[in-house]
Amino acid sequence: MVTVDADALSHVLGAVDLRVGIGRRSSLTAGALLPIPADAITLVYIVAGAVRGHPPLGDGCRLDVDPDSQRLRLDNTEARHDLLVTGDAFLTLGRSPFALEAHDETILMIADIELADVASPLPALLPPFLTVTGFDAVEPAAAALALNMGVIDHTVTPARQGDPVICRLMATTVLLSVIRAWAANGCAPTGWPSLSSDPFLDRVVDAIHEEPGRDWTVERLAGIGAMSRSTFAERFRSAVGRSPADYVTEVRVDAAKRMLDAGRSVSDISRELGYASDEGFSRAFRRRTGQTPSSWRLTNRTPVPA
């Protein structure tokens, strides 16, 4: 079983920020097909019944819980490999067309996920889809939360102020719990969450995270990776999925979010992260998040307990 470093897992979970997390319930009759959108992240929790995947889900790493001992184990058997039942969870990144077929009368909670940062590394860190069987036993609190997502029919019960924010927070909690269950219990590949299997590129990524405010030129990063400028740029884009400059900006914006949440001023943050002006920092932040730093702080402010 692969063991994931706790700090690394916490870093991945802490960097997940949703712009949209809309939950809805869907009832299916036996044999009914439910298409799952391509090019979109979709989270599914089986409230009741069972579903099969088209194409089959058998290739995904699965977790299971012994109902008698409640002990978690990797499921390496062929039995039930393509069947998700009550209490299971499923996440797809929408990389290919997909559909779920109801095995019998089935109720699903479905959350449409949109990341706040289009350059988020999360899609690069996860497989095309992952399943957690026995999610209700592995993550009972999150499963209970999933049961209450998408229940309200606004044609019967009027929407209330703050519903979009609350739905987003609920979807975030369930999503993080699914990823944690998958990563912390043996399904993640060796070395996860490294973005590459190249130790020289990993050295570069570590340096960026350690000093996001440094003047990171391609030449300087290539030097850390012991490569020529052209070789480094090509290998970095191939492994990480974006240019070194885009990745540096992404790390800075993630750091800025944590600083904003901690109450730091925009001026302090822009200076610490290496921007020549507050305006330059605000432009970079808005391009990534769709909001100015001040607007993001107001929208995402962590509630203070009374």
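What counts and how
Residues numbered from 1 in each chain as written. Predicted model: local features only at pLDDT ≥ 70, side-chain atom pairs only at ≥ 80, totals over all residues. Heavy atoms only, no water. Helix = DSSP H or I, 4+ residues; strand = E, 2+ residues; numbered from the N terminus. Buried < 20%, exposed > 50% of the residue type's maximum accessible area, 1.4 Å probe, protein only. Pairing = 2+ DSSP bridges. Axes fitted to C-alpha atoms, helices over the stretch in contact; angles between N-to-C directions. Parallel < 35°, antiparallel > 145°, perpendicular 65-115°, else oblique. Left-handed = near helix turned anticlockwise from the far one by under 90°. Contact = heavy atoms within 4.5 Å. Nonpolar A, V, L, I, M, F, W, Y, C, P; charged D, E, K, R; others polar. Arc of directions from axis to C-beta. Phe/Tyr/Trp six-rings, centres within 6.5 Å; stacked < 30°, edge-to-face > 60°. Lys NZ or Arg CZ within 6 Å of the ring centre and 35° of its normal. Core = buried A, V, L, I, M, F, W, Y, C linked by side-chain atoms within 4.5 Å. pLDDT = per-residue confidence, 0-100.

Colleague: Account for unusual backbone geometry, naming residues and giving values.
Modeller: In this structure, P55 follows H54 across a cis peptide bond, with omega equal to 5 degrees. Here P55 lies in the loop between β4 (50–54) and β5 (63–65). The phi dihedral of A226 is positive, around 55 degrees, even though this residue is not glycine. With respect to the helices and strands, A226 occurs in the loop between α7 (218–224) and α8 (229–240). The class of A226 is exposed, set by a relative accessible area of 58%.

Colleague: Requested: an account of the sheet that holds strand β10 (residues 106–115), with residues and values cited.
Modeller: An order of β1-β10-β3-β8-β11 is seen for the 5 strands of this open sheet, with the pairing classed as antiparallel. Strands with a single pairing partner mark the edges of an open sheet, and in this sheet they are β1 (18–28) and β11 (129–132). Sheet twist, expressed as the average angle between the axes of neighbouring strands with direction ignored, equals 15 degrees. Of the pairings in the sheet, the one linking strand β3 (residues 41–48) to strand β8 (residues 89–92) comprises 4 bridges and is antiparallel in character. Note on β8: the bridge partner recorded for T42 is T92.

Colleague: Before we move on, could you go through the packing of helix α4 (residues 140–147) against helix α5 (residues 163–184) and cite the residues and values that matter?
Modeller: Remark: α4 packs on α5, axes separated minimally by 9 Å, with the N-to-C direction vectors making an angle of 140 degrees. For the element pair α4 / α5, the angle class is oblique. Considering only the axes of α4 and α5, their crossing is left-handed. Residues A142, L145 and A146 of α4 form the contact with α5, whose participating residues are M170, T173, V174 and S177. Classifying every residue of the contact of α4 with α5 gives 5 nonpolar, 2 polar and no charged.

Colleague: Tell me about α4, and please be specific about residues and values.
Modeller: Among the residues of α4, A142, A143 and A146 are the ones counted as buried. Angularly, the buried residues of α4 cover 100 degrees about the axis, an arc narrow enough to put them on a single face. Where α4 is buried, its residues meet β3, β10, α3 (135–138) and α5.

Colleague: Explain the packing of aromatic side chains to me, and be specific about the residues and the numbers.
Modeller: Going through the model one piece at a time under the given rule, you end up with 10 aromatic pairs. Here F236 and Y247 contribute two aromatic rings whose centre-to-centre distance is 5.8 Å and whose plane-to-plane angle is 70 degrees, an arrangement assigned as edge-to-face. Here the residue F236 occupies a position in helix α8, and Y247 occupies one in helix α9 (residues 244–261), the gap between them amounting to 11 residues. One exposure class covers both F236 and Y247, and it is buried. For R252, the ring lying beneath its charged end belongs to Y275, and the centroid distance is 5.2 Å.

Colleague: Give a detailed account of the sheet that holds strand β9 (residues 98–102), specifying residues and quantitative values.
Modeller: Across a sheet, paired strands are connected by hydrogen bonds in the backbone, their directions being either parallel or antiparallel. Strand order in this open sheet of 4 strands is β2-β9-β4-β7, and the pairing throughout is antiparallel. Looking at the sheet topology across the chains shown, the edges are occupied by β2 (33–36) and β7 (83–85). Ignoring strand direction, the axes of neighbouring strands in this sheet form an average angle of 30 degrees. Pairing between β4 and β7: 3 bridges, direction antiparallel. Residue A50 lies in a different strand from β7, and its bridge partner there is V85.

Colleague: Could you give an account of the nonpolar core, naming the residues involved and the relevant values?
Modeller: The biggest cluster of nonpolar side chains holds 39 residues, and the ones touching the most others in it are L126, W182 and W192. Mapped by element, the contributors of at least two residues to this core are α1 (6–14), β3, β8, β10, α2 (122–125), β11, α4 and α5. Here this core takes 9 residues from α5, the largest share from any one element. Those residues in contact with W192, other than ones at most four positions away along the chain, are V4, L9, V12, L125, L126, W182 and A183.

Colleague: Describe the packing of helix α6 (residues 199–210) against α8, with residues and values.
Modeller: Here α6 crosses α8 at 85 degrees, and the two axes come no closer than 11 Å. Comparing the axis directions of α6 and α8 gives the class roughly perpendicular. Of α8, the residues touching α6 (which contributes L201, V204 and V205) are F232, R235, F236 and A239. Residue composition of the contact of α6 with α8, grouped by class: 6 nonpolar, no polar and 1 charged.

Colleague: Tell me what's going on with the confidence of the model for the chain, and back it up with residues and numbers.
Modeller: Confidence in the prediction for the chain averages 82 pLDDT; 84% of positions are at 70 or higher. β3 holds the highest mean pLDDT among the elements of the chain, 94, whereas strand β6 (residues 72–74) holds the lowest, 50. Predicted confidence is poor over residues 76–80, with pLDDT under 50, and the contacts of this stretch with residues over four places away or in other chains come to 6 contacts.

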